[in-house]
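The lines below spell out each chain.
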Amino acid sequence: MMHIHRYYDVDIVNGPGTRCTLFVAGCEHRCRGCYNQSTWRLDSGVPFTLAMEEKLIADLQDRRIPRQGLSLSGGDPLHPHNVPHIRRLVKRVRRECPDKDIWLWTGYQLAELSDAQRAVIAEIDVLIDGRFIEEEKDARLLWRGSRNQKIWYLRQPQGEHPDQHPTEGHTQQGYPQGASRKSPVQHQ
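Here goes a summary of the coordinates provided. (Residues numbered from 1 in each chain as written. Predicted model: local features only at pLDDT ≥ 70, side-chain atom pairs only at ≥ 80, totals over all residues. Heavy atoms only, no water.)

**A few points about helix 2 (residues 83–96)**
- Between its terminal C-alpha atoms helix 2 stretches 20 Å, which fits the 20 Å expected from 14 residues at 1.5 Å a residue.
- Among all positions in helix 2, only Val-83, Ile-86, Leu-89, Val-90, Arg-92, Val-93 and Arg-94 are buried.
- Packing partners of the buried residues in helix 2 comprise strand 2 (19–24), helix 1 (50–61), strand 4 (69–74), strand 5 (101–105) and helix 3 (115–121). (Helix = DSSP H or I, 4+ residues; strand = E, 2+ residues; numbered from the N terminus. Expected span 1.5 Å × (residues − 1). Buried < 20%, exposed > 50% of the residue type's maximum accessible area, 1.4 Å probe, protein only. Contact = heavy atoms within 4.5 Å.)

And the structure:
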């Protein structure tokens, strides 16, 4: 069973727009200067139950407080123990909330992911990868803690076409021109 540390049903910090954010337990990177050290142990926090998952889905579908999507952080959602649980969750979100985007933060780099981790990545929209490096910390960075971390745009938002973006760069949603699931675009 996967453990979590915190669930925010309304979050405006971890990704664009209003979101649901889940902080999972378990991280083997143990980066010096990590602001979330309490999430490192796999057995810390509380079990992520079916009731919690149902609430998360209901919150994403709630029309009174529209959410743009789901953010997954931690700990590390791609810790090998978490991968099957996160994969099942993102597949369910993709199926039941197809208009929501999914962002995921991991200490692993895209190039070093296992096949199981890549199966999770195939279901998400945006990946922020790389360990936190205290010497490269930069508070001015958007959605990253250190300069070495990269933002990978893996899918184009539904209903958008590259020709809708008149200039190179980011739309309000944060997607670069021409981003698609088949060809990840990196932003540093």
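Still more ground to cover, so stick around.
**Regarding the environment of Arg-131**
- Its place among the elements puts Arg-131 in the loop between strand 6 (126–129) and strand 7 (150–153).
- In this structure, the C-alpha to C-alpha distance between Arg-131 and Lys-150, residues 19 residues apart in sequence, is 9.9 Å.
- For Arg-131, the side chain forms a polar contact with the side chain of Glu-112, separated by 3.4 Å. (Polar contact = N/O pair within 3.5 Å; in protein donor to acceptor, adjacent residues only side chain to side chain.)

**Re the pattern of salt bridges**
- Evaluation of the coordinates by the stated rule reveals 14 salt bridges.
- A salt bridge links Arg-92 to Glu-53, with the shortest nitrogen-to-oxygen separation between them at 2.8 Å. With Arg-92 in helix 2 and Glu-53 in helix 1, this pair connects stretches of sequence that are 39 residues apart.
- Notably, a salt bridge pairs Arg-64 with Asp-62, separated by 3.1 Å at the nearest N-O pair.
- With relative accessibility at 73%, the residue Arg-64 sits in the exposed group.
- What makes Asp-62 buried here is its relative accessible area of 16%.
- Overlapping salt bridges bring together Glu-53, Glu-54, Arg-88, Arg-92, Arg-95 and Glu-96 as one network. (Salt bridge = Lys/Arg side-chain N within 4 Å of Asp/Glu carboxyl O.)

**A look at the packing of aromatic side chains**
- Under the definition given, this model contains three aromatic pairs.
- With a centroid separation of 4.7 Å and 75° between ring planes, the pair formed by Trp-103 and Trp-143 is classed as edge-to-face. Of the two residues, Trp-103 is situated in strand 5 and Trp-143 in the loop between strand 6 and strand 7; the sequence distance between them amounts to 40 residues.
- Residue Trp-103 is classed as buried on the basis of its relative accessible area of 0%. (Phe/Tyr/Trp six-rings, centres within 6.5 Å; stacked < 30°, edge-to-face > 60°.)

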